[in-house]
Amino acid sequence: MLISRTANRTWTALIVMLAVAAAVACGPGRTDKPSATAAGQPAASAAPAVDVSLAPVPPMGFNTWNKFGCNVDEKLIRETADAMVETGMLDAGYRYLVIDDCWQVERAADGRIVADPERFPSGMKALADYVHGKGLLFGVYSDIGPQTCAGRPGAAGHFDLDAASYAEWGVDYIKVDWCHCDDLHAPTEYARFRDALRASGRPIVLSICEWGRNDPWTWARGVGQLWRTTADIGDNWDSVVWIIGANSRHADAAGPGGWNDPDMLEVGNGGMTYDEYKTHFSLWAVMAAPLMAGNDLRAMTDETRSILLNKEVIAVDQDPLGAQGRVVIERGYGGQVWMKPLADGSKAVAFVNYSGGDLNLYVRWSQIGLPAGPARIRDLWAHEDKGVHTDTGKHYNERYEVKVPSHGTVLVRISPVTP
Ligand code: GLA
């Protein structure tokens, strides 16, 4: 991947900073938050560097759970792989095709995990080969405990054997859940799972799914590449609003190599309006969230495609600086303005309207960390240049203002113009 030298330097700084934080947080029995001062100190030379190479930017792909639940089989996976290529999803960056819960049914006499022979008669290796043949990467799901959330066999007692099976099959991504784990210590268990994956010899993304129960933002960097911060998403507006609020609190933890995961996308599943889905997708991008589509990719409406395949919004999510955006303006009447700094010095700015009617929202450059002067505006949903606006820092009326529909989001990129 092509990355700028500035981004490279930022990554190196982050790796060093976060290696210190991870070393603090992952000590035996420690779940306390790394302090701000610890992150600001020079790295101890003994601290192991966090490997950012598995997820330098938030992972993108598709996961079966939100749309299909336990109704998964190899036909669905093959057809979805085909659709990911044909619809342009792969070209847009969606690379991982992940089968969530219910692909597994039992353990064989030798302890190996067994895929459902009726639903996956060709076996997981053949399926992984098919997925790889399409240029995609392949993922599955397990659980730290003895059973998954849907009651299938979990990984407890079999981390090494399972990791070896995944490596044999060609698995590139494993989501690991936390059902039936109440008495266990999450940082220790997930670190053991990571070590089993490492020992398998195959680079495999570890998606930590303990729903934010054990403050993963304090210890998961260096253990997994993404960690859920909340309970499960639902295909409705209240769920999305609640998750945005909860996930926004952990912005410090996100960056190249490790990402807050506010759960998979519901775009295209039918429970929200077009504007609501655009807000859902915009905020996931501004929060540098993993973008795992959760709809039926074989049957997408034009509206759904226009959201999931909006490359200008995806570029905000995938920006190599890897900063998670934050709220910079809070309006009491249901409006928020978010800003995510981007590697080229520009800012992604989202104007979000949670209220029941239209809202006018605005920013001044000082509120988004830009110097006074001219800046070019690009509207990422309208795909329109909005011209150059100048905020001299002196006059109140020099601001960029937009009208936002109820539950909608206007997302722009604001780039300073150097004279
Ligand atoms: C949990 C996870 C979901 C999904 C289901 C599968 O609820 O949070 O994302 O994986 O289990 O059973």
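Please read these numbers as outputs of a predicted model, since none were measured by experiment.

Colleague: Could you give me a rundown of the overall build of the protein chain, with the residues and numbers involved?
Modeller: Tallying secondary structure elements over the protein chain gives twelve helices and 18 strands in all. Buried residues in the protein chain amount to 56% of all 419 residues. For the protein chain, long-range pairs separated by at least 24 residues make up 70% of all intrachain contacts whose partners lie at least 6 apart in sequence.

Colleague: For the side chain of aspartate 162, give the residues involved together with the corresponding values.
Modeller: Position of aspartate 162 relative to the elements: it lies in helix H7 (residues 159–169). When residues no more than four places from it in sequence are discounted, the contact partners of aspartate 162 are Arg107, Ile113 and Ala155.

Colleague: An account of the site of the ligand is needed here, citing residue identities and associated values.
Modeller: Close to the ligand lie Trp65, Asp100, Asp101, Tyr141, Cys149, Ala150, Lys175, Asp177, Cys209, Trp211, Arg228 and Asp232, which account for all nearby residues. Lysine 175 places a polar side-chain atom, nitrogen or oxygen, 2.8 Å from an oxygen atom of the ligand. Surface burial for the ligand is 93%, taken as the share of its 300 Å² of free accessible area covered by protein chains. Within the shell around the ligand, the residues separate by chemical class into six nonpolar, no polar and six charged.

Colleague: Let's hear about unusual backbone geometry: which residues, and what values?
Modeller: Positive phi outside glycine occurs at aspartate 215, with the angle close to 50 degrees. Take aspartate 215: it is sitting in the loop between strand S7 (205–209) and strand S8 (226–228). Residue aspartate 215 is classed as partly exposed on the basis of its relative accessible area, which comes to 30%. In the Ramachandran plot, histidine 383 falls in the positive-phi region, its phi being about 55 degrees despite a non-glycine side chain. In this fold, histidine 383 is placed in the loop between strand S15 (373–379) and strand S16 (384–391). The exposure class assigned to histidine 383 is partly exposed, which follows from its relative accessible area of 40%.

Colleague: Help me get a handle on the nonpolar core, residues and values and all.
Modeller: Counting 88 residues, the largest nonpolar core has Tyr94, Trp103, Tyr166, Phe193, Phe281 and Trp284 as its most contacted members. Looking at which element gives the most residues to this core, the answer is helix H10 (residues 274–286), with six residues. Formed by 19 residues, the second largest nonpolar core is a distinct cluster that contains Ile329, Ile368, Val404 and Val410.

Colleague: Describe the confidence of the model for the protein chain, with residues and values.
Modeller: Of the residues in the protein chain, 88% have a pLDDT of 70 or more, and the chain-wide mean is 90. Counting interchain partners and residues more than four positions distant, the pLDDT-below-50 stretch residues 1–45 has 47 contacts.

Colleague: I'd like a description of the sheet that holds S15, backed by residues and values.
Modeller: Within a sheet, adjacent strands bond to each other through the backbone by hydrogen bonds, running parallel or antiparallel. As summarised here, the arrangement of the six strands in space is S11-S12-S13-S18-S15-S16, forming an open sheet in which the pairing is antiparallel. Looking along the sheet, the strands with just one partner apiece sit at the ends: strand S11 (326–331) and S16. If you compare each strand with its neighbour and ignore which way they point, the axes differ by 25 degrees on average. Of the strand pairs in this sheet, S11 and strand S12 (residues 335–341) are connected by five bridges, and their pairing is antiparallel. In the strand pairing of S12, arginine 331 is matched with glycine 335.

Colleague: An account of the state of the cysteines is requested, with residue identities and associated values reported.
Modeller: Counting across every chain of the model gives two disulfides. The disulfide pattern of the protein chain is 1-2, 3-4 when the bonded cysteines are numbered in sequence order. Note on cysteine 181: no disulfide assigned, nearest cysteine sulfur contributed by cysteine 179 at a separation of 7.6 Å. For cysteine 181, a relative accessible area of 1% puts it in the buried group. Of the cysteine sulfurs around cysteine 209, a residue in no disulfide, the closest is that of cysteine 149, at 6.7 Å.

Each value, and the rule that gives it
The numbering scheme is per chain: residues are counted from 1 as the chain's sequence reads. Note on the predicted model: pLDDT of at least 70 is required for a residue's local features to be given, and 80 or more for side-chain atom pairs to be given and counted; whole-chain, interface and lining totals, by contrast, use all residues. The side-chain figures draw on all heavy atoms in the structure; neither hydrogens nor water molecules are used. Helix and strand labels come from DSSP, where a helix needs a run of H or I of at least four residues and a strand needs a run of E of at least two; each type is numbered from the N terminus. Here the term buried applies to any residue with accessible area under 20% of the maximum for its type, exposed to any over 50%, and partly exposed to those in between, with areas from a 1.4 Å probe on protein chains only. The criterion used for residue contact is that any of the two residues' heavy atoms lie within 4.5 Å. Whether a residue is near a molecule or strand depends on its heavy atoms: if one lies within 4 Å, it is near. Any pair of N or O atoms that falls within 3.5 Å is considered a polar contact. Within protein, one atom must be able to donate a hydrogen and the other to accept it, and sequence-neighbouring residues count only if both atoms are side-chain atoms. A 1.4 Å probe and the Shrake-Rupley method give the accessible areas. Residues count as covered only by the protein chains that appear here. Any residue outside Ala, Val, Leu, Ile, Met, Phe, Trp, Tyr, Cys, Pro, Asp, Glu, Lys and Arg is labelled polar, Gly included; the first ten of those are nonpolar and the last four are charged. In these notes, a set of buried Ala, Val, Leu, Ile, Met, Phe, Trp, Tyr and Cys residues joined through side-chain atoms within 4.5 Å is what counts as a nonpolar core. The quantity called pLDDT is the predictor's confidence in a given residue, expressed from 0 to 100. At least two bridges found by DSSP between two strands are what make those strands a pair. The angle between two axes is taken between their N-to-C directions and runs from 0 to 180 degrees, where each axis is a line fitted to C-alpha atoms and a helix contributes only its stretch in contact. Disulfides are defined as pairs of cysteine sulfur atoms found within 2.5 Å of each other.

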